[in-house]
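Listed here are the chains, written in short residue letters.
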Amino acid sequence: MQATAGDRLLVHGKNVGLADRHGEIIEVRGPDGAPPYLVRFSDGHESLVFPGPDCVVEPANEG
């Protein structure tokens, strides 16, 4: 998984009924776009994220 600042991170809900979470990657801390990522979620919360298989990076230049 690779990303750049400005890309969006989508975290799918882990259980039935849990909503997906959307956030903007504001800092890439790994080498060459690798995790971890500092992400600002839509509720304003910022978190250091090590994305798992339930995460998708959406490039900033799409949609």
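Student: Tell me what's going on with the overall build of the chain, and back it up with residues and numbers.
Tutor: The number of helices and strands found in the chain is 0 helices and 5 strands. Along the first, second and third principal axes, the C-alpha set of the chain runs to 35 × 20 × 20 Å. Counting across all 63 residues of the chain, residues that qualify as buried make up 30%. Put simply, of all contacts in the chain between residues at least 6 apart along the chain, 37% involve residues at least 24 apart. Of the roughly 4100 Å² of accessible surface on the chain, 50% is carried by carbon and sulfur atoms. Each charge sign in the chain was given a centre, from 5 positive and 10 negative side chains, and these centres are 6 Å apart.

Student: Account for the layout of surface pockets, with residues named and values stated.
Tutor: In this structure, the largest pocket spans a volume of roughly 180 Å³. Val 11, His 12, Lys 14, Arg 21 and Asp 54 are the residues nearest the centre of the largest pocket, which is lined by 14 residues in total.

Student: So, the pairing of strand S2 (residues 21–28): which residues are in play, and what are the values?
Tutor: For a regular strand, the rule is simple: side chains alternate between the two faces of the sheet. The pairing of strand S1 (residues 8–11) with S2 spans 4 bridges and is antiparallel. If you follow Arg 8 over to S2, its bridge partner there is Glu 24. Inspection of the sheet shows S2 paired to strand S3 (residues 37–41) by 5 bridges, in the antiparallel sense. Looking at S3, one finds that Val 28 is bridged to Tyr 37.

Student: Talk me through the nonpolar core; I want residue IDs and the actual numbers.
Tutor: Generally speaking, nonpolar side chains in soluble globular proteins are found buried as a group. One finds Ala 3, Leu 9, Val 11, Ile 25, Tyr 37, Val 39, Phe 41, Val 49, Cys 55 and Val 57 forming the largest nonpolar core, which totals 10 residues. Secondary structure elements with two or more residues in this core: S1, S3 and strand S5 (55–58). Top contributing element to this core by residue count: S3, with 3 residues. When residues no more than four places from it in sequence are discounted, the contact partners of Phe 41 are Val 11, Arg 21, His 22, Gly 23, Ser 47 and Val 49.

Student: Can you explain the sheet that holds S1? Please cite residues and give values.
Tutor: Working definition: the strands of a sheet are paired by backbone hydrogen bonds and lie parallel or antiparallel to each other. One open sheet accounts for 5 strands, arranged S4-S3-S2-S1-S5; its pairing is antiparallel. At either end of the open sheet lies a strand with only one pairing partner, and these are strand S4 (46–49) and S5. Each strand of the sheet is rotated relative to its neighbour by a mean of 35 degrees, with strand direction disregarded.

Rules of the game
- Residues numbered from 1 in each chain as written.
- Predicted model: local features only at pLDDT ≥ 70, side-chain atom pairs only at ≥ 80, totals over all residues.
- Heavy atoms only, no water.
- Helix = DSSP H or I, 4+ residues; strand = E, 2+ residues; numbered from the N terminus.
- Buried < 20%, exposed > 50% of the residue type's maximum accessible area, 1.4 Å probe, protein only.
- Contact = heavy atoms within 4.5 Å.
- Areas by Shrake-Rupley, 256 points an atom, 1.4 Å probe, with all protein chains shown as cover.
- Lys, Arg positive; Asp, Glu negative; His and termini not counted.
- Charge placed at Lys NZ, Arg CZ, Asp CG, Glu CD.
- 1 Å grid on protein atoms, 1.4 Å probe; cavity = no way out; pocket = protein on both sides within 12 Å on 5 of 7 lines; lining within 4 Å.
- Points joined across faces, edges and corners; volume = space filled by probe spheres on them.
- Pairing = 2+ DSSP bridges.
- Core = buried A, V, L, I, M, F, W, Y, C linked by side-chain atoms within 4.5 Å.
- Axes fitted to C-alpha atoms, helices over the stretch in contact; angles between N-to-C directions.

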